[in-house]
Amino acid sequence: MDLSHTTIALYALGAGAVGISLAKLKARLELSKAKHPSLAGHSRLARRIATLVPFYEYDEASFFRSDNPPDEIATRRRAAFARLSELYRERYSQTAKLTADVKDDISDVQFTDAYRVPFQYSRFVREHLSAGVFVQASCGATISDLDGNSFYDLTGAYGVNLFGYDFYKECVERGVERVRELGPVLGPYHPVIADNVKRLREISGLDEVSFHMSGTEAVMQAVRLARYHTGRSRVVRFCGAYHGWWGDVQPGVGNPVPARDTFTLKDMSEASLRVLRHRRDIACVLVNPVQALHPNGSPPADSALIDSARSAHFDRAAYTQWLKRLRAVCTERNIVLIFDDIFLGFRIAPGGAQEYFGSALPPTW
């Protein structure tokens, strides 16, 4: 009798273990199906593959022949590049010299200089085409370097300067004059903060306001609060979306620490909603509304902004419907839905993306 009871107990334990394993396998398969099929959706795999890509670079002999062109084309390329290099030396001499003087002292300059051009071509380009990183004046929508060259700022300082530089110069001057007596005191607030908070709440319709030095820090704080209040650890982001330089929202290649608690799922996908419905460890979902222009695609780079090579397809109705469904699932599962409106701000509507994508969206974001 005891032996039969023991056997039954073992069978029960075995059945329970199999049931747990099947449940985990089902959850794993659902998650895999919801992840974007590209390397961007599989950060660990992307990191492994990146280690297999050998480093190589083109010297002067192979730089103009990397795609095996006819000799005539390679010769024309070399001559045109030489003319461009000479033009750079003449036009940007002072700016380039100061950049070279401080390059070894500023880590950021070394990073941006190395990654502006694909690594195979980078060294040769850096040696011959250096316009520098310094500017000394701005006017309207233009900036000027140390050599007096004027450039149109096509990105508006990546969207920070919406009205041109002169408008913000005046704002800064008025702001400095208003708080001159207080100076750089850290901690206590100047009374102007109370008025700013009131205005921001009236414009946005939000219940509270929190001030941060950057969008990255704002996202970090929002995720931290979501994890604290839900008691969960997982963060969901959608493929292609940018949420700052914090490691937890930049998994994959370039991140020295694996982002084990971050899932990169497909935007506008039923499979992603299924994962949110079934998992119990998701603290928050991050949405960058600018992805409505290119779901699951990376943000446009500087080159795309300049030459208009990037194509965008915007279906406002479809993306609104997606956000409504996402909102419903997050509410059902007590998952914090975080809108990262850093890029868009108040530009598309006073209430941000929430207002723009329709009053049908509950105002509790």
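Residues numbered from 1 in each chain as written. Predicted model: local features only at pLDDT ≥ 70, side-chain atom pairs only at ≥ 80, totals over all residues. Heavy atoms only, no water.

Engineer: Is there a simple way to explain the sheet that holds strand β4 (residues 234-238) in this structure?
Structural biologist: Strand pairing in a sheet relies on backbone hydrogen bonds. The paired strands run either parallel or antiparallel. If you trace the four strands from one edge of the open sheet to the other, you get β5-β4-β6-β7, paired in parallel fashion. The sheet is open, and its two borders are formed by β5 (262-265) and β7 (336-339), each paired with just one other strand. Across the sheet, the mean angle separating the axes of adjacent strands is 25 degrees when strand polarity is ignored. Bridge count between β4 and β5: four bridges; the pairing is parallel. In the strand pairing of β5, Arg237 is matched with Thr264. In this fold helix α10 (residues 215-230) packs onto β4, β6 (282-287) and β7, with an angle of close to 150 degrees to the strand it touches most, β6. (Pairing = 2+ DSSP bridges. Helix = DSSP H or I, 4+ residues; strand = E, 2+ residues; numbered from the N terminus. Axes fitted to C-alpha atoms, helices over the stretch in contact; angles between N-to-C directions. Contact = heavy atoms within 4.5 Å.)

Engineer: Is there a simple way to think about helix α7 (residues 119-128) in this case?
Structural biologist: Along an α-helix, a turn takes 3.6 residues, which lines up residues three or four apart on a common side. Looking at α7, one finds that the buried residues are Gln120, Ser122, Phe124 and Val125. Tucked into the core, α7 has its buried residues touching α3 (60-63), α4 (71-91) and α6 (107-115). (Buried < 20%, exposed > 50% of the residue type's maximum accessible area, 1.4 Å probe, protein only.)

Engineer: Explanation requested: the pairing of β4 in the structure shown.
Structural biologist: If a strand is regular, its side chains alternate between the two faces of the sheet. The buried count for β4 comes to five of five residues, which makes it a mostly enclosed element. Residues Arg234, Val236 and Phe238 point to one face of β4 and Val235 and Arg237 to the other, with burial holding for every one of them. Both β4 and β6 contribute to a ladder of three bridges, which runs parallel. Within the sheet, the bridge partner assigned to Val235 lies in β6 and is Cys284.

Engineer: Looking at this model, I keep getting lost on a nonpolar patch on the surface. Mind explaining?
Structural biologist: Among the surface-exposed residues, Leu39, Leu45, Ile49, Val53, Phe55, Tyr56 and Phe119 lie close enough to one another that they form a single nonpolar patch of about 620 Å² accessible area. Relative to the helices and strands, Leu45 is located in helix α2 (residues 43-52). A relative accessible area of 40% places Leu45 in the partly exposed class. (Patch = residues over 30% accessible without salt bridge, like charges linked within 9 Å, V, L, I, M, F, W, Y side chains within 5 Å. Areas by Shrake-Rupley, 256 points an atom, 1.4 Å probe, with all protein chains shown as cover. Salt bridge = Lys/Arg side-chain N within 4 Å of Asp/Glu carboxyl O.)

Engineer: When you look at the environment of Phe211 in this model, what are you seeing that I'm missing?
Structural biologist: Checked against the element boundaries, Phe211 lands in the loop between α9 (192-204) and α10. Taking the C-alpha atoms as reference, Phe211 lies 9.5 Å from Val197; in sequence the two are 14 residues apart. Non-local contacts of Phe211, meaning those with residues more than four positions away in its chain, are made with Ile193, Val197 and Leu200.

Engineer: Looking at this model, I keep getting lost on the pattern of salt bridges. Mind explaining?
Structural biologist: Pairing is possible between side chains of opposite charge, provided their charged atoms come close. Overall, the coordinates contain 15 salt bridges when judged by the stated rule. In this structure, Arg65 engages Asp71 in a salt bridge whose closest nitrogen and oxygen atoms are separated by 2.9 Å. The class for Arg65 is partly exposed, based on a relative accessible area of 35%. By relative accessible area, which is 52% here, Asp71 ends up exposed. Each of Arg234, Asp261, Arg279 and Asp281 takes part in a single network of salt bridges with overlapping partners.

Engineer: I'm lost on the packing of aromatic side chains in this one. Help?
Structural biologist: The relation between two aromatic rings is expressed through the spacing of the ring centres and the mutual angle of the planes. Summed over all chains, the structure comprises 21 aromatic pairs. When the ring of Tyr319 is compared with that of Phe357, the centres are 5.4 Å apart and the planes differ by 50 degrees; the resulting orientation is tilted. In this pair, Tyr319 sits in helix α13 (residues 316-332) while Phe357 sits in the segment after α14 (352-356), placing the two residues 38 residues apart along the sequence. Summarising the burial analysis for this pair, Tyr319 and Phe357 share the class buried. The ring centre of Tyr356 lies 3.8 Å from the NZ or CZ of Arg316, which sits over that ring. (Phe/Tyr/Trp six-rings, centres within 6.5 Å; stacked < 30°, edge-to-face > 60°. Lys NZ or Arg CZ within 6 Å of the ring centre and 35° of its normal.)

Engineer: What should I look at first to understand the side chain of Gln291 in this one?
Structural biologist: Examined against the element boundaries, Gln291 turns out to sit in the loop between β6 and α12 (302-307). For Gln291, the side chain forms a polar contact with the main-chain oxygen of Gly297, separated by 3.1 Å. (Polar contact = N/O pair within 3.5 Å; in protein donor to acceptor, adjacent residues only side chain to side chain.)

Engineer: I would appreciate a short explanation of the environment of Ser144 in the present structure.
Structural biologist: Inspection of the secondary structure assignment puts Ser144 in strand β2 (residues 142-144). Each C-alpha atom of the pair Ser144 and Phe134 lies 8.8 Å from the other, and the pair is 10 residues apart in sequence. Excluding its chain neighbours within four sequence positions, the residues that come into contact with Ser144 are Val135, Gln136, Ala137, Asn149 and Ser150.

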